[in-house]
Amino acid sequence: MGLIKENVKDLLMQLPKDVNLVCAVKSRRLKEILEAIEAGVKIIGENYIQEAEEHFKVIGNRVKWHLIGHLQLNKVKKAIRIFDMIETLDSLKLAEELNRRCKEMGKIISVLIEVNSAEEPQKFGILPKNLISFIKELSYLENIKVQGLMTMGPNLKDPERIRPYFKLTRELFESIKNLNLNNIEMKYLSMGMSDSYLVAISEGANIIRIGTKIFERR
Ligand SMILES: *Cc1c(COP(=O)(O)O)cnc(C)c1O
């Protein structure tokens, strides 16, 4: 069995049933991605629209497609043709553009709100203190369906040092859920990557986004 297949199978075996694996494929070759799909990957995570278009042409709807990179306003129209979920909703302008384009196409798109949990100036995402007022504004957009939160957390080697940011995001997730807002569902919490997914799962993640651990020997 090839390395990628082995990695995917090991990972899937290890994950609790309610945790969804998103295979993060930035800069990987098509052949590698296809091997991951053959081994059981059901969701592909793309950072870039152009790469996604190339992969989608070949792979199509055999898998679900999640956008995990920042989405620019001028790429929205292309994005909604491909993606089942945008994990990186990070501004009202983007929400409104997604809503407008989806309305034109008669589509409803699932989104997660990206939270800048460590308040890093170089990162995208809504700051924790602005999250609730931001989400309330989205309730009125009929063609987007808010289904949860996503966070990257800081890039720290020791995953235990990321735990507080996962914990904070989980607390925000719970408090928004308790508000029972119209058209806002808190179903998915996307956090954790190759080095941090176990910590993220222990803090309540039910979507993890994994690249390195699938595609490289460790
Ligand atoms: C690349 C990427 C990942 C996967 O990171 P690995 O450390 O390779 O597992 C997850 N989420 C996002 C947003 C990414 O860009």
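Please read these numbers as outputs of a predicted model, since none were measured by experiment.

Definitions and cut-offs
- Residues numbered from 1 in each chain as written.
- Predicted model: local features only at pLDDT ≥ 70, side-chain atom pairs only at ≥ 80, totals over all residues.
- Heavy atoms only, no water.
- Helix = DSSP H or I, 4+ residues; strand = E, 2+ residues; numbered from the N terminus.
- Rg over C-alpha atoms; globule rule 2.2 N^0.38 Å.
- Buried < 20%, exposed > 50% of the residue type's maximum accessible area, 1.4 Å probe, protein only.
- Contact = heavy atoms within 4.5 Å.
- Areas by Shrake-Rupley, 256 points an atom, 1.4 Å probe, with all protein chains shown as cover.
- Lys, Arg positive; Asp, Glu negative; His and termini not counted.
- Charge placed at Lys NZ, Arg CZ, Asp CG, Glu CD.
- Polar contact = N/O pair within 3.5 Å; in protein donor to acceptor, adjacent residues only side chain to side chain.
- Expected span 1.5 Å × (residues − 1).
- Arc of directions from axis to C-beta.
- Salt bridge = Lys/Arg side-chain N within 4 Å of Asp/Glu carboxyl O.
- Near = heavy atom within 4 Å.
- Nonpolar A, V, L, I, M, F, W, Y, C, P; charged D, E, K, R; others polar.
- Axes fitted to C-alpha atoms, helices over the stretch in contact; angles between N-to-C directions.
- Parallel < 35°, antiparallel > 145°, perpendicular 65-115°, else oblique.
- Left-handed = near helix turned anticlockwise from the far one by under 90°.
- Pairing = 2+ DSSP bridges.
- Right-handed = clockwise from strand over helix to strand, strands pointing away.

Broken down by element type, the protein chain carries nine helices and eight strands. At 17 Å, the protein chain has a C-alpha radius of gyration in line with the 17 Å of a compact globule built from 218 residues. Projecting the C-alpha coordinates of the protein chain onto the three principal axes gives extents of approximately 50 × 40 × 30 Å. Burial status across the protein chain gives 52% buried among its 218 residues. Contacts in the protein chain between residues at least 24 apart in sequence constitute 61% of all its contacts with a sequence separation of at least 6. Of the roughly 10,900 Å² that the protein chain leaves accessible, carbon and sulfur atoms contribute 49%. Averaging the locations of the 35 positively and 29 negatively charged side chains of the protein chain gives two centres separated by 3 Å.

Bringing the side chain of Thr151 into the picture now. For Thr151, the position within the fold is in strand β6 (residues 144-151). In this structure the side chain of Thr151 is engaged in a polar contact, spanning 2.7 Å, whose partner is the backbone oxygen of Val115.

So, on to helix α7 (residues 163-179). Along its 17 residues, α7 runs 25 Å from first to last C-alpha, staying within 8% of the 24 Å computed at 1.5 Å per residue. For α7, every residue scored as buried is listed here: Phe166, Thr169, Leu172, Phe173 and Ile176. For α7, the angular spread of the buried residues around the axis is 120°, confining them to a single face. Buried residues belonging to α7 abut β5 (109-115), α6 (131-138), β6, β7 (184-190) and α8 (197-202).

Attention now moves to the pattern of salt bridges. As enumerated under the stated definition, the model contains 14 salt bridges in all. Taking the shortest distance from any N to any O, the salt bridge between Arg100 and Glu97 comes out at 3.1 Å. Residue Arg100 and its partner Glu97 are located together in helix α5 (residues 92-105), separated by three residues, close to a single helical turn. Look at Arg100 and you get partly exposed, because its relative accessible area is 41%. The partner of Arg163 in a salt bridge is Glu203, with the nearest N and O atoms 2.7 Å apart. Of the two residues, Arg163 is situated in helix α7 and Glu203 in the loop between α8 and β8 (207-210); the sequence distance between them amounts to 40 residues. Linked through salt bridges whose partners overlap, the residues forming this network are Glu97, Arg100, Arg101 and Glu104.

Okay, the site of the ligand next. Near the ligand you find Ala24, Lys26, Asn47, Ile68, Met152, Met193, Ser194, Arg209, Ile210, Gly211 and Thr212, and these make up its full shell. Here an oxygen atom of the ligand and a side-chain polar atom of Asn47 are 2.8 Å apart. Take Arg209: an N or O atom from its side chain is 2.9 Å from a nitrogen atom of the ligand. In the complex, 86% of the free accessible area of the ligand, which totals 390 Å², lies under the protein chains. Partitioning the shell around the ligand into residue classes produces five nonpolar, four polar and two charged.

Let's shift gears to the packing of α6 against α7. Contact pair α6 / α7: the axes reach a minimum separation of 11 Å and the direction vectors enclose 45°. Relative to α7, the element α6 is oriented oblique. Crossing angle aside, the handedness with which α6 passes α7 is right-handed. Touching Leu131, Ile132 and Ile135 of α6 are Leu172, Ile176 and Leu179, all from α7. For the contact of α6 with α7, the per-class residue count stands at six nonpolar, no polar and no charged.

Next up on the list: the pairing of strand β4 (residues 85-89). Within β4, five of the five residues are buried, which leaves the element mostly enclosed by the surrounding structure. As paired elements, strand β3 (residues 64-67) and β4 share two bridges and run parallel to each other. Across the sheet, the residue bridging to Leu67 is Ile86, located in β4. Considered for its hand, the β-α-β crossover made up of β3, helix α4 (residues 76-82) and β4 is right-handed. Inspection of the sheet shows β4 paired to β5 by three bridges, in the parallel sense. By the bridge assignment, Leu89 is partnered in β5 with Ile113.

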